[in-house]
Amino acid sequence: MATTKVLAGARVVLPSGVVDDGRLVVEGTRIARSAPESAEIIDVRGHWLVPGFVDIHNHGGGGASFSGTADDALTAVRAHRLHGTTTVVASAVTDDMDVLVRQAGMLSELAEQGDIAGIHFEGPFISPCRKGAHSEELLRDPDPAEVRKLIDAARGRAAMVTLATELPGGLDSVRLLVEHGVIAAIGHTDATYEQTVRAIDAGATVATHLFNAMPQLGHRAPGPIAALLEDERVTVELIDDGVHLHPAALRLAFRQAGAERVAFITDAMDAAGIGDGRYMLGPLEVEVHEGVARLVEGGSIAGSTLTLDRAFHRAVTVDGLAVEDVVTAISARPAKLLGVYDRVGSLEPGKDADLVLLDGDFRLKGVMRRGQWVVDPQLG
């Protein structure tokens, strides 16, 4: 018989709102409606109970990368679980196509095992004008045949592909991705407003790390940012680490799109959860200093060292966002985008018992995944 736990007394964030002095029943790996008298009662008064975080854009952590071996990928998965991310999409960076195909095969096996929620290809189909921390000599136009190679290599586990949709083949590649049930994301792009609108109409539904690696908002040439923010079909990724976005820019995007169209992401690289030093991001060397990752050559920002527990804390305490809205953007919206909201993304009976316990100051105290403590809060 499955062990039943009752987490009692916390402020529980449900899809319907916040319940003070709430109770959450965990039976085995799932959230249950009721508990037997023999259930273990865990007193979590003074805490917040929120769904496990869902990260749709993550390159690594714990000193390891999703672009390395299977063991490296699992190290990164475990590192982010310690910070509340119970569902993660593994993001690959620009590399030689043969390398990406091999990575896709390896990561697809981890997805089949349930260790990751899918694969995101950020590159190589991006603009050299907005390449950021991607190797320019390995970039290529989004030829649908090449895009199809990655989809096939992922064996049904491709979750998302980031494209500069203004490049030759961009719109046809968007349509191809949509046909195969893969999210087409607009990013690392030099597109105009009009070109971005055409890509959205073709089926693109995500803005890869909005504001970053794209033309900035202008009053005569609004560029992609205006098109992505104004269209209700688009979910915008935001990196809330205090480096990628000024708080005012983040609040502007959040107000315009609303929590239901925002996905907080980490865009994390190997150093997340580790610290300063030298690391590799795909084929490029990165220096992390005071928590900020930059390419050794050129100095471009190279992903982040962010974890989603820090993003949650900052969103509430610095940006002044409502807790319920942060939960939507960090759990529910990304889960819906991935098509896994029936299992994760909210605290509802029948779903996986994936949850995060935060103290009154929104600091992480406990993490549970599928009914097992990953970070045990050591409460009675």
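Up top is the structure.
Residues numbered from 1 in each chain as written. Predicted model: local features only at pLDDT ≥ 70, side-chain atom pairs only at ≥ 80, totals over all residues. Heavy atoms only, no water.

Undergrad: Teacher, can you tell me more about the packing of helix H4 (residues 170-179) against helix H5 (residues 193-202) here?
TA: Axis angle and axis distance: for two packed helices, these are the angle between their axes and the distance between the axes, and together they describe the pair. For the pair H4 and H5, the least separation of the axes is 9 Å and the interaxial angle reads 25 degrees. Taken together, the axis directions place H4 and H5 in an arrangement best described as roughly parallel. The two elements H4 and H5 cross, and the hand of that crossing is right-handed. Only Arg198, Ala199 and Ala202 of H5 make contact with H4, whose side of the interface consists of Leu171, Val174, Arg175 and Val178. For the contact of H4 with H5, the residue count by class is 5 nonpolar, no polar and 2 charged. (Axes fitted to C-alpha atoms, helices over the stretch in contact; angles between N-to-C directions. Helix = DSSP H or I, 4+ residues; strand = E, 2+ residues; numbered from the N terminus. Parallel < 35°, antiparallel > 145°, perpendicular 65-115°, else oblique. Left-handed = near helix turned anticlockwise from the far one by under 90°. Contact = heavy atoms within 4.5 Å. Nonpolar A, V, L, I, M, F, W, Y, C, P; charged D, E, K, R; others polar.)

Undergrad: Please clarify how the side chain of Thr87 should be interpreted in this entry.
TA: Counting through the fold element by element, Thr87 comes out in strand S9 (residues 85-93). The contact partners of Thr87, leaving out residues within four places of it in the chain, are Phe53, Val54, Asp55, Ala117, Val344 and Asp354.

Undergrad: Mind showing me how you'd approach the sheet that holds strand S17 (residues 284-289) here?
TA: The strands that make up a sheet pair up through hydrogen bonds in the backbone, lying either parallel or antiparallel. Ordered in space as S16-S17-S18, the 3 strands form an open sheet in which the pairing is antiparallel. Of all the strands in the sheet, just strand S16 (277-281) and strand S18 (292-295) have a single pairing partner and so form its edges. Averaged over neighbouring strand pairs, the angle between their axes works out to 35 degrees when direction is ignored. The pairing of S16 with S17 spans 5 bridges and is classified as antiparallel. Within S17, the position partnered with Gly277 by the bridge is Val288. (Pairing = 2+ DSSP bridges.)

Undergrad: Could you clarify how one ought to interpret the layout of surface pockets in this entry?
TA: A water-sized probe, rolled over the atoms, reveals where empty space remains. Space inside the largest pocket adds up to approximately 410 Å³. When contributions to the lining of the largest pocket are tallied by element, the ones reaching two or more residues are helix H1 (70-81), S9, strand S11 (158-163) and helix H9 (323-338). Among the elements that make up the lining of the largest pocket, the one with the highest residue count is S9 (3 residues). Split by residue class, the lining of the largest pocket holds 12 nonpolar, 6 polar and 8 charged. (1 Å grid on protein atoms, 1.4 Å probe; cavity = no way out; pocket = protein on both sides within 12 Å on 5 of 7 lines; lining within 4 Å. Points joined across faces, edges and corners; volume = space filled by probe spheres on them.)

Undergrad: Would you explain the packing of helix H8 (residues 308-317) against H9 in this entry?
TA: Orientation of H8 relative to H9, taken along the N-to-C sense of each, is 150 degrees, at an axis distance of 10 Å. Here H8 is positioned roughly antiparallel relative to H9, judged by the angle of their axes. In this structure, the crossing between H8 and H9 has a hand that is right-handed. Across the interface between the two elements, Leu308, Phe312, Ala315 and Val316 from H8 touch Val323, Val326, Val327 and Ile330 from H9. A per-class count over the contact of H8 with H9 returns 8 nonpolar, no polar and no charged.

Undergrad: So what exactly am I meant to see when it comes to the pairing of strand S2 (residues 17-27) here?
TA: Two faces make up the sheet, and in a regular strand the side chains alternate between them. Summarising the sheet, strand S1 (residues 4-14) and S2 pair through 9 bridges and their orientation is antiparallel. If you follow Leu14 over to S2, its bridge partner there is Gly17. Two successive antiparallel strands, S1 and S2, enclose a turn made up of 2 residues. In the sheet, S2 pairs with strand S3 (residues 30-32) via 3 bridges, with the strands oriented antiparallel. Note that in S3 the partner of Glu27 across the bridge is Arg30. Two successive antiparallel strands, S2 and S3, enclose a turn made up of 2 residues, where Gly28 displays a positive phi of approximately 65 degrees.

Undergrad: Where do I start with the nonpolar core in this structure?
TA: The nonpolar side chains of soluble globular proteins are, as a tendency, buried together. Within the largest apolar cluster, 93 residues are counted, with the highest numbers of intra-cluster contacts made by Leu210, Phe264 and Phe312. When sequence neighbours within four positions are dropped, the list of residues in contact with Phe312 reads Val50, Phe53, Val323, Val326, Val327, Ile330, Leu358 and Phe362. In terms of nonpolar packing, the next biggest core, distinct from the first, is built from 14 residues, Leu7, Leu49, Ala353 and Leu355 among them. (Core = buried A, V, L, I, M, F, W, Y, C linked by side-chain atoms within 4.5 Å. Buried < 20%, exposed > 50% of the residue type's maximum accessible area, 1.4 Å probe, protein only.)

Undergrad: Would you mind showing me how to read the pairing of strand S20 (residues 364-369) here?
TA: By the criterion of burial, S20 is predominantly enclosed, with 5 of the 6 residues buried. Sheet topology note: the strand S19 (residues 355-358)/S20 ladder contains 4 bridges and is antiparallel. Along S20, the bridge assignment pairs Leu357 with Gly366. Counting the residues in the hairpin turn of S19 and S20 gives 5 residues, including Phe362, whose phi is positive at 65 degrees. Here S20 pairs with strand S21 (residues 372-375) via 3 bridges, running antiparallel. Bridging across to S21, Arg369 finds its partner in Gln372. Counted along the chain from S20 to the antiparallel partner S21, the turn is 2 residues long, and its residue Arg370 has a positive phi close to 50 degrees.

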